[in-house]
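Listed below are the residues making up each chain.
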Amino acid sequence: MEKWFQFKELDLLAIIITATGIYLAVIIFTRIAGKRSFSKMSSFDFAMTVAVGSMIATTVLSKSVSLWNGIIGLGAVYILQISVALLRRYKVVKKVVDNSPLLLMDGRKILHENLKKARVSEEDLRSKLREANVIRLKEVRAVIFEATGDISVMHTEDENEELENWLMEDVDR
């Protein structure tokens, strides 16, 4: 029982460095793999989920990790999460951590380069248009690949109705 509460200063530093490294690696790899890897979660959310799950499992199952070391590691990940949440107020950090919505269709025009970036096929796009009950391409004002991995279809039956600019402010074109 005594080993559960043992710790050394060097071990604590190693845990904090490892937690930071793993946290950043998960964000980077998730950004490289693309949004579709973990639909409905930002890389920011996914990194936290994986890190916490991993630390819990390692602390519970590994004989070489003391309870105290697990608690310190978990605390480091939560401090990172809070720090990144606060730093996301700055555009540079937000751009690194968060996904941006991406325009897939601008009116009737399919943006093939953006489909490639998002790893969305034309079949996926057609499917989403059908799900949104689009029956004519002239109804489409925009199709957006959201930060969560969802695809939003903005459409109307009125050909003269325009899309408000405010809705498209953060969308990459």
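The following refers to the structure shown. For clarity, every value in this text was computed on a predicted model and none was experimentally measured. (Residues numbered from 1 in each chain as written. Predicted model: local features only at pLDDT ≥ 70, side-chain atom pairs only at ≥ 80, totals over all residues. Heavy atoms only, no water.)

1. A word on the overall build of the protein chain
Basically, it comes down to this: Segments assigned H or I by DSSP are reported as helices when at least four residues long, segments assigned E as strands when at least two residues long, and all are numbered from the N terminus. Only C-alpha atoms enter the radius of gyration, while the globule expectation follows 2.2 Å times N to the 0.38, with N the number of residues. Exposure categories follow from relative accessible area, calculated using a 1.4 Å probe and restricted to protein chains: below 20% of the type maximum is buried, above 50% is exposed, and the middle band is partly exposed. Computed with the Shrake-Rupley method and a 1.4 Å probe, the accessible areas treat only the protein chains shown as cover for residues.
A count of helices and strands for the protein chain gives six helices and four strands. Ordering the α and β elements of the protein chain from the N terminus gives α-α-α-α-β-β-α-α-β-β. Relative to a compact globule of 173 residues, whose C-alpha radius of gyration would be 16 Å, the protein chain shows 22 Å and is clearly more extended. Projected onto the principal axes, the alpha-carbon positions of the protein chain cover approximately 75 × 30 × 25 Å. Taken over 173 residues, the protein chain has a buried fraction of 34%. Of the roughly 11,500 Å² of accessible surface on the protein chain, a fraction of 60% belongs to carbon and sulfur atoms.

2. A closer look at unusual backbone geometry
Negative phi characterises most residues that are not glycine, and trans characterises most peptide bonds. A positive phi angle, near 60°, is found at R119, a position not held by glycine. With respect to the helices and strands, R119 occurs in the loop between α5 (112-118) and α6 (122-131). Classification of R119 as partly exposed rests on a relative accessible area of 49%. We note that N133 has phi near 60°; this positive angle belongs to a residue other than glycine.

3. A word on the side chain of R141
To be explicit about the condition: The term polar contact refers here to a pair of N or O atoms within 3.5 Å; inside protein, the definition further demands a hydrogen-donor-capable atom paired with an acceptor-capable atom, and it admits residues adjacent in sequence only when both atoms are side-chain atoms. We call two residues in contact when some of their heavy atoms are within 4.5 Å.
Here R141 lies in strand β3 (residues 140-145). Here E139 takes part through its backbone oxygen, which lies 3.3 Å from a polar atom of the side chain of R141. Here the side chain of R141 touches D158 through a polar contact of 2.6 Å, landing on its backbone oxygen. Setting aside residues no more than four positions away along its own chain, R141 makes contact with M105, D106, G107, M154, H155, T156, D158, E159, N160, E161 and L163.

4. Observations regarding a nonpolar patch on the surface
Rule in force here: The patches reported here contain residues having more than 30% relative accessible area and no salt bridge. Joining distances are 9 Å for like charges and 5 Å for nonpolar side chains (Val, Leu, Ile, Met, Phe, Trp, Tyr). Whenever a carboxyl oxygen of Asp or Glu lies within 4 Å of a side-chain nitrogen of Lys or Arg, that contact is scored as a salt bridge.
There is a patch of nonpolar side chains on the surface, built from F5, L67 and I71 and spanning about 270 Å² of accessible area. Position of L67 among the secondary structure elements: in helix α3 (residues 67-87). Overall, L67 belongs to the partly exposed group, its relative accessible area being 34%.

5. Brief notes about the sheet that holds strand β4 (residues 151-155)
Our working definition: Two strands are said to pair when DSSP picks up at least two bridges between them.
If you walk across this open sheet you meet the four strands as β2-β1-β3-β4, and the pairing is antiparallel. The open sheet terminates on both sides in strands that have one partner only, identified here as β2 (109-110) and β4. Pairing geometry for β3 and β4, over five bridges, is antiparallel. Bridge pairing links A142 to M154 in β4.

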